[in-house]
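Architecture at a glance
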Amino acid sequence: MYEYFLGQVTDVTPGYVVIEVSGIGYKVLTANPYRYQVGAAAVKMYIHQAVSENGMSLFGFFDADEKALFEKLLGVSGIGPKSALAILANNDHAGLIQAINQENATYLTSFPGVGKKTAQQIVLDLKGKLNDLNVDVTGQTALDVDAPAVDGALADALAALEALGYSKADVKKVTKKLETFSQTQGADTNTLLSEGLRLLMKK
């Protein structure tokens, strides 16, 4: 139904953003809400609408190719919207496609909600079928985020990791490293979330 929204982001939370279009605020789930900035100039957000027995949800993407990658993942048996979103939260979309093409199931099982069987299904369904996507990872980090103080930024990043489906135990394992990273780098929420995802992919 929706292709994209052109509007202003009015709220950013660990799990979603609110984008206002013509006076209406839409709650949109995104892989990394902290790419967006409250009160910034109008943004173009590509939209996927999912309808289930629990209602309707909107998922937002930086560009059309990111949306297309999400929809390709949704076509895999065993992958729901939350799992697909968690996979996209990792900045390295080119690496994801490479892992699929190289049948690297171990890499794929590092995402929340993806077991060995689902990883094999992803490879079976998508190997060689994603090369036409113009995957540009700069979309994840190109926007400057007006982040709160580091302590608040760290708390938001940890909450965002849990919102993506990582367990409290897994998040706790990387918290100390993220604390050290934030103290030495003075990082904002967007950077801390990216670093947290990198650490979780290595565990």
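Every chain is numbered on its own, with residues counted from 1 as its sequence reads. Side-chain atom pairs in this predicted model are given and counted only at pLDDT of 80 or more, local residue features only at pLDDT of at least 70, and totals for whole chains, interfaces and linings cover all residues. To obtain the side-chain values, all non-hydrogen atoms of the structure were used and water was disregarded.

1. Side note on the packing of helix α8 (residues 168-185) against helix α9 (residues 189-202)
What counts, and what does not: For helices, the fitted axis covers only the stretch in contact; all axes are lines through C-alpha atoms, and the angles between them, taken along N-to-C directions, range from 0 to 180 degrees. For the purposes of this entry, the term helix denotes a DSSP run of H or I that reaches at least four residues, the term strand denotes a run of E that reaches at least two, and both are numbered from the N terminus. Orientation is classified from the angle alone, with under 35 degrees giving roughly parallel, over 145 giving roughly antiparallel, 65 to 115 giving roughly perpendicular, and any other angle giving oblique. When the near helix sits turned anticlockwise from the far one by under a right angle, the crossing is termed left-handed; a clockwise turn instead gives a right-handed crossing. In what follows, a contact means two residues having at least one pair of non-hydrogen atoms within 4.5 Å. The classification used treats Ala, Val, Leu, Ile, Met, Phe, Trp, Tyr, Cys and Pro as nonpolar, Asp, Glu, Lys and Arg as charged, and all other residues, Gly among them, as polar.
Where α8 contacts α9, the two axes come as close as 10 Å, and the packing angle between them is 130 degrees. With respect to α9, the element α8 is oriented oblique. The chirality of how α8 crosses α9 is right-handed. Residues D170, V174, K177, L178, F181 and S182 of α8 touch α9, and the partners they reach there are T191, L192, E195, G196, L199 and L200. The residue makeup of the contact of α8 with α9, split by class, is six nonpolar, three polar and three charged.

2. Quick word on the UniProt feature "domain: Helix-hairpin-helix DNA-binding motif class" (unreviewed entry) in the chain
Definition in use: UniProt positions are given in the numbering used here, feature names are shortened, and annotations may be inferred rather than shown by experiment.
The UniProt entry lists residues 71-90 and 106-125 under the feature "domain: Helix-hairpin-helix DNA-binding motif class" (unreviewed entry), expressed in the numbering used here. For residues 71-90, the helix share is 65%, the strand share is 0%, and the end-to-end C-alpha distance is 16 Å. Helix makes up 65% of residues 106-125 and strand 0%, and the two end C-alpha atoms of the span are 17 Å apart.

3. Things to note about the packing of aromatic side chains
Heads up, the rule is: In summary, the pairing rule links any two rings of Phe, Tyr or Trp, Trp by its six-membered ring, whose centres are within 6.5 Å, and it sorts them by plane angle into stacked for under 30 degrees, edge-to-face for over 60 and tilted for everything else. For the exposure calls, accessible area comes from a 1.4 Å probe over protein chains only, and a residue counts as buried if that area is under 20% of its type's maximum, exposed if over 50%, partly exposed in between.
Per the counting criterion, the structure on display carries seven aromatic pairs. Between Y2 and F5, the ring centres sit 5.0 Å apart and the planes meet at 70 degrees, which makes this aromatic pair edge-to-face. We classify F5 as buried; its relative accessible area is 5%. Here Y2 and Y26 contribute two aromatic rings whose centre-to-centre distance is 6.3 Å and whose plane-to-plane angle is 65 degrees, an arrangement assigned as edge-to-face. In this pair, Y2 sits in the segment before β1 (4-12) while Y26 sits in strand β3 (residues 24-30), placing the two residues 24 residues apart along the sequence. Given the relative accessible area of 25%, Y2 is considered partly exposed. Taking the relative accessible area as the measure of exposure, Y26 reaches 19% and is therefore buried.

4. Overview of the pairing of strand β2 (residues 16-21)
Using the following cut-off: Two strands qualify as a pair provided that DSSP identifies no fewer than 2 bridges between them.
Across four bridges, β1 lies against β2 in antiparallel orientation. By the bridge assignment for β2, V12 is matched with V17. Between β1 and the antiparallel strand that follows it, β2, lie three residues. The pairing of β2 with β3 spans six bridges and is antiparallel. Along β3, the bridge assignment pairs V17 with V28. Here β2 hands over to β3 after two residues, with S22 in that stretch at a positive phi of 50 degrees.

5. Focus on the pairing of strand β5 (residues 55-61)
Alignment of β3 against β5, held across two bridges, turns out to be parallel. Its bridge partner being in β5, T30 is matched across the sheet by G60. Bridging between strand β4 (residues 43-52) and β5 involves seven bridges; their strand directions are antiparallel. Residue H48 lies in a different strand from β5, and its bridge partner there is F59. Hairpin remark: β4 followed by β5, antiparallel, with two residues in the connecting loop.

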